[in-house]
Amino acid sequence: MSFKVPRGTQDILPGQSEKWQKVEAIIRDICRVYRYNEIRTPIFEQTDLFARGVGETTDVVQKEMYTFEDRGGRSLTLRPENTAGVVRAYVEHKMFGAPDQPVKLSYLGPMFRYERQQAGRYRQFVQFGVEAIGSADPAIDAEVIALAMDVYESAGLKDLKLVINSLGDKETRDTHRTALLQHFEPHIHEFCSDCQNRLHKNPLRILDCKVDREHPLMQTAPALTDFLTEESATYFAQVKTYLDTLGITYEVDPNLVRGLDYYNHTTFEIMSSASGFGAITTLCGGGRYNGLVQEIGGPDVPGIGFALSIERLLLALEAEGVELDTASGLDVYIIAMGDEAKQKAVELTSTFRAKGLATEMDYLDRKMKAQMKSADRLGAKYTIVLGETELEEQQAAVKHMESGEQHKVAFSELVNYLSQQS
Ligand code: HAM
């Protein structure tokens, strides 16, 4: 019997994991300077949280959730996204009462969606996201967008496209909804069964349909931007002004309808325009969700955030041919010949590591040449050779691998010598 990694998931092996760590380090640093503190919430939540938070009529809730009953008969779901979970925690811990507002949170962790497997679409994927809860200032919309752009640019991506839209407020949505109903209803039998279901529940979702994308009525559908209330239009204009101030270029796409129900006002996506990226070009998505906190049982507090997957970020880097700097950082490789030398190697390895030097030695009793090859392959900065003569003289030859320079250093001085060099 042989076992395989479950469909839609992947093992991240050494060689690849260094890239993940590098991206995660970039992200942590950006969160530090923008001051988005990390929140860690459970990987599963009550199923109702997503049904309520993300929306009953969304694909995510209807088709993509990993839902199970625990032994106590409770319905639980592996989180398909983390805005609902973060907002749940925000309400549960009464973070709206914290002295510093808005509350700015970030997270990084696995999400689960039962989706058709294809390049860039996984069933388990890692999202980095932020949520800024407690401010309806258009400047924070711009900050959140800037943070997302910063992550990609710091990783080295260049072929990026930022698309923004406004879904307006409740009044905007209601008048637009009526217009959509009038537009689609007479022809709804020409649409897929999902769209027929969506017509009365949430006609905006029809615009997001992948099956009927080419239907002529899609092109002529009333655009939400034409229905923006004056207040919503002003808000959107201010967001754009702040983006201009930050020197962030964007395109306005009135058809940008996000796949989750909680959005209003600003929505945005960042795409990769690199040739060779493949069919799925969206790297990041987010927007404002005034009303969600209340929906989940908290006070009427506005929020905005985004999420991006590390998998797609790495695919975009590959498509653009960007190499992350993931040097292994091995400081010393100790080559030992003979039992006594090995004792010394074990001792020195431990001493070096205690001083913070990344150190490796041979554990296969290989010949000197093979050990030398390992040191080379691992990119060791220095090698130290230990044999009978070195033990007798209580000193070792330290070789700087790049220049080939060698120095004899007394055992007692080795740590100091290496620490000063690195
Ligand atoms: P979303 O658009 O569903 O939004 O997902 C955000 C990002 O997660 C996508 O742009 C994509 O990079 C990544 N993603 C989604 N599904 C997959 C998948 N199957 N495989 C790989 N990557 C995937 C949200 O999740 C919202 N919670 C974002 C948000 C936060 N809005 C406000 N705050």
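The structure reproduced in this document is the subject of the present report. (Residues numbered from 1 in each chain as written. Predicted model: local features only at pLDDT ≥ 70, side-chain atom pairs only at ≥ 80, totals over all residues. Heavy atoms only, no water.)

Take Asp362: it is sitting in the loop between β13 (359-361) and α13 (368-377). A relative accessible area of 6% places Asp362 in the buried class. Separated by 152 residues in the primary sequence, Asp362 and Lys210 have C-alpha atoms spaced 56 Å apart. Sequence-distant contacts of Asp362, defined by excluding residues within four places in its chain, comprise Tyr333, Ile334, Lys342 and Gln371. Looking at Asp362, its side chain comes within polar contact range of the main-chain nitrogen of Leu364, at 3.4 Å. At 2.9 Å, the side chain of Asp362 forms a polar contact with the backbone nitrogen of Asp365. (Helix = DSSP H or I, 4+ residues; strand = E, 2+ residues; numbered from the N terminus. Buried < 20%, exposed > 50% of the residue type's maximum accessible area, 1.4 Å probe, protein only. Contact = heavy atoms within 4.5 Å. Polar contact = N/O pair within 3.5 Å; in protein donor to acceptor, adjacent residues only side chain to side chain.)

Evaluated as defined, the whole model comprises eight aromatic pairs. On the numbers, 4.8 Å between centres and 65 degrees between planes, the contact of Tyr262 with Tyr263 is edge-to-face. Here Phe268 and Phe306 contribute two aromatic rings whose centre-to-centre distance is 6.3 Å and whose plane-to-plane angle is 65 degrees, an arrangement assigned as edge-to-face. With Phe268 in strand β9 (residues 264-272) and Phe306 in strand β11 (residues 303-309), this pair connects stretches of sequence that are 38 residues apart. In this pair, the class of Phe268 matches that of Phe306, namely buried. Linked through ring pairs, Phe128, Phe268 and Phe306 together constitute an aromatic cluster. Sitting over the face of the ring of Tyr114, Arg123 holds its NZ or CZ atom 4.1 Å from the ring centroid. (Phe/Tyr/Trp six-rings, centres within 6.5 Å; stacked < 30°, edge-to-face > 60°. Lys NZ or Arg CZ within 6 Å of the ring centre and 35° of its normal.)

With that settled, consider unusual backbone geometry. A negative phi angle characterises most non-glycine residues, just as the trans form characterises most peptide bonds. That bond from Gln101 to Pro102 is cis: its omega, -5 degrees, falls within 30 degrees of zero. Here Pro102 lies in the loop between α4 (83-92) and β5 (103-112). Unusually for a residue other than glycine, His265 sits at a positive phi of about 50 degrees. Here His265 lies in strand β9.

On to the sheet that holds strand β12 (residues 332-336), then. The strand order β13-β12-β14-β15-β16 describes an open sheet built from five strands, whose pairing is mixed. The sheet terminates laterally at β13 and β16 (406-410), the two strands that pair on one side only. Strand-to-strand twist across the sheet, computed as the mean angle between neighbouring axes with direction ignored, equals 25 degrees. Along the sheet, α13 makes contact with β12, β14 (382-386) and β15 (395-400), crossing β12 at roughly 175 degrees. (Pairing = 2+ DSSP bridges. Axes fitted to C-alpha atoms, helices over the stretch in contact; angles between N-to-C directions.)

Turning next to the packing of helix α5 (residues 138-155) against helix α9 (residues 230-245). Two quantities define a packed helix pair, namely the angle between the helix axes and the distance between the axes. In contact at an axis separation of 8 Å, α5 and α9 are set at 50 degrees when each is read in the N-to-C sense. Judged by the angle between their axes, α5 and α9 are oblique. In the crossing of α5 with α9, the sense of the turn from one axis to the other is right-handed. Here Pro138, Ala139, Asp141, Ala142 and Ile145 of α5 lie close against α9, whose contacting residues are Tyr235, Gln238, Val239, Tyr242 and Leu243. For the contact of α5 with α9, a count of residues per class yields eight nonpolar, one polar and one charged. (Parallel < 35°, antiparallel > 145°, perpendicular 65-115°, else oblique. Left-handed = near helix turned anticlockwise from the far one by under 90°. Nonpolar A, V, L, I, M, F, W, Y, C, P; charged D, E, K, R; others polar.)

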